[in-house]
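Chain residues, written in single-letter form:
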Amino acid sequence: GTAMHLALAFTTELSVDEAHYALYAKHLAWSYFDHPPLVGWIQWPFVAINAPDGILRLIPISIWIISCILVYQIAYQLNDYCSDRGLLSTQLGLVNSSFAGLAAVAVIVFAPLPHVLAVGLVPDTLLTPLSLAILWMTLQWIKQDGHFSLYQWIGLGLLFGLAGLSKYTAVLYAIAFVIACLTVPRYSFLKQSGFYLAIAIALLLISPVILWNAQHDWISFKYQIDHGSGGTWLWRRVAAFIGLQIAVFGFLPLLGLWAFSSSVHWRTRPWIGILLIFFALPFGVFAVLSGGGGLPHWTTPAWFCLAPIAGIGLAQWWQSDKRWLIALFAAIQGTLVVTGLTLVMTAGYPIASQFKVNPLADLFGWRSASIRANLLVNELKASGIAVQNWTLASRVGWYAKPTPIYVLDDRLDQFDLWFGKLPEGSNVILLNWSEMSFKPPVGEGQFRTCRPLDRLGIAHLGQALSQFELSYCQGWGGKAKPERQALSLRP
């Protein structure tokens, strides 16, 4: 898995989200418009020395390895615990804990979507090992009959705080831990002073986010509430979400969950199933929210938390006549993983030519277009570079830094906080991209004139992918009216 990640890291440009969070590190702050700050802070040392994209991607690659190690350790310890206490069926024989750990890691390695987050650093990449560490602490709580040492409480507080600095949905994993605490023995954590110390440490760590939002009219929380609620709620979106989840994470974790459920003596120790809350709670919340809209990678930490349990189940079944079923799904998913990562590196060659629009064109050409736009800004003494949608701004902002990037719309976003709105009367270099192109913003309240300067065609392995159009626009009027319009690929 790591070998594929390294190959991908040094052969493609940053995606829109990667570039956006890399800009966090370029513009250090206590928090940001759409997410807490840790995803920017952790990149700052590399950004400060102008490290290339491939070096930046060593961060998520390392985090993926750490997450796999945690999955292995949790599966190993959970299998030991269940075996020692006779919680697992011995009909198929006891499973070696090392093999259970490797089976759990296989659940991750053979799942397609985690490889995307293993190369592109996003908040969910950071939340994944932190949620696993909280799950590991929950297992220790169960093994220690509901008692933590002071150092364990301090460690838990640090984990909660760092998770909160990673993503707001970290609260789901904190709730999962609290639910687990209520099981064995009931309410004992309320009698331990370390519990309150852990809360204090967590609140101290996330205080920069709270203070920043208080100074900015709570814009992050308002944005997340709107973003999470989505549009009109529809059942078909929930069905599509669940189907997509199975497609991008595979059948292996579900197969392992079924195997584990059939092998555990629930009547003897029913609370062992409380560990499933780390999957069921966040997955259930995102499934409900998907009725209004959602993104498939939001559930990644939840699937990682399911992997140790699924690994034990798969290891059990591997010793039975169901080994062929596991091998079949592993072969199918492994083929999808290798094929998918290969297509990304080759921009879909040769099958992408069969589609009307190449879905992988987004990963190529932004560096060249941004550098060219920057040269024109300096040559014409323009105020900066302008685009007409925020998703077009991240890569340009990264590859053309430190040139100001202006988003010509009426939506408040992070670029408005960094660069402000384009002042009236300004002249800019306008960048238009063929895969999300807009009409020239000329007219009443917009630019007085827009003169095309250059067109840059992007190709990879001999196939045309997209085209960038650069124009010199003068006399901004202050009223944004972005209107989509197709841009031809022809020179």
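As the structure is a prediction and not an experimental result, all values here were calculated from the model.

Definitions and cut-offs
Residues numbered from 1 in each chain as written. Predicted model: local features only at pLDDT ≥ 70, side-chain atom pairs only at ≥ 80, totals over all residues. Heavy atoms only, no water. Pairing = 2+ DSSP bridges. Helix = DSSP H or I, 4+ residues; strand = E, 2+ residues; numbered from the N terminus. Axes fitted to C-alpha atoms, helices over the stretch in contact; angles between N-to-C directions. Phe/Tyr/Trp six-rings, centres within 6.5 Å; stacked < 30°, edge-to-face > 60°. Lys NZ or Arg CZ within 6 Å of the ring centre and 35° of its normal. Buried < 20%, exposed > 50% of the residue type's maximum accessible area, 1.4 Å probe, protein only. Salt bridge = Lys/Arg side-chain N within 4 Å of Asp/Glu carboxyl O. Expected span 1.5 Å × (residues − 1). Polar contact = N/O pair within 3.5 Å; in protein donor to acceptor, adjacent residues only side chain to side chain. Contact = heavy atoms within 4.5 Å.

## Details of the sheet that holds strand β5 (residues 463-474)
Reading across the sheet, the 5 strands line up as β2-β1-β3-β5-β4 and stay open at both edges, with mixed pairing between neighbours. The sheet is open, and its two borders are formed by β2 (405-407) and β4 (449-460), each paired with just one other strand. Adjacent strand axes in the sheet meet at a mean angle of 25 degrees, parallel and antiparallel pairs treated alike. Where strand β1 (residues 385-387) lies against β2, 3 bridges are found, and the strand directions are parallel. Looking across to β2, one finds that I385 is bridged to I405.

## Observations concerning the packing of aromatic side chains
Under the definition given, this model contains 29 aromatic pairs. For the cation-ring pair, R395 lies above W366, with the distance from its terminal atom to the ring centre recorded as 4.2 Å.

## Side note on the pairing of strand β3 (residues 428-433)
With 6 of 6 residues buried, β3 lies mostly within the body of the structure. Taking every second residue as pointing to the same face, both faces of β3 are buried, with V428, L430 and N432 on one and I429, L431 and W433 on the other. The sheet contact formed by β1 and β3 spans 2 bridges and is parallel. Counterpart to I385 in the pairing with β3 is I429. The pairing of β3 with β5 spans 6 bridges and is antiparallel. Each bridged residue has a counterpart across the sheet, and for N432 the counterpart in β5 is E469.

## Section: the pattern of salt bridges
The final tally for this structure, using the stated rule, is 11 salt bridges. Across the pair K421 and D416 runs a salt bridge whose closest N-O atoms are separated by 3.4 Å. Among the ionic pairs, E483 bridges to K439, the shortest N-O distance being 3.5 Å. With E483 in the segment after β5 and K439 in the loop between β3 and β4, the pair connects residues that are 44 residues apart, well separated along the chain. The exposure class of E483 is partly exposed, given its relative accessible area of 42%. The exposure class assigned to K439 is partly exposed, which follows from its relative accessible area of 35%. Because the salt bridges share partners, they merge into one network encompassing E13, D53 and R367.

## Side note on helix α7 (residues 97-109)
Between its first and last C-alpha, α7 extends 18 Å over 13 residues, near the 18 Å set by a 1.5 Å rise per residue. Along α7, the residues classified as buried are S97, A100, G101, A103, A104, V105, V107 and I108. The N-cap residue of α7 is N96: its side-chain oxygen and the backbone nitrogen of S98 are 2.8 Å apart.

## Some remarks on helix α2 (residues 16-26)
Within α2, 9 of the 11 residues are buried, leaving the element largely enclosed by the surrounding structure. Taken residue by residue, α2 has V16, E18, A19, H20, Y21, A22, L23, Y24 and A25 as its buried positions. Of the surrounding secondary structure, the elements contacted by the buried residues of α2 are α3 (38-41), α4 (44-48), α5 (53-56), α9 (123-143), α20 (393-399) and α21 (414-419).

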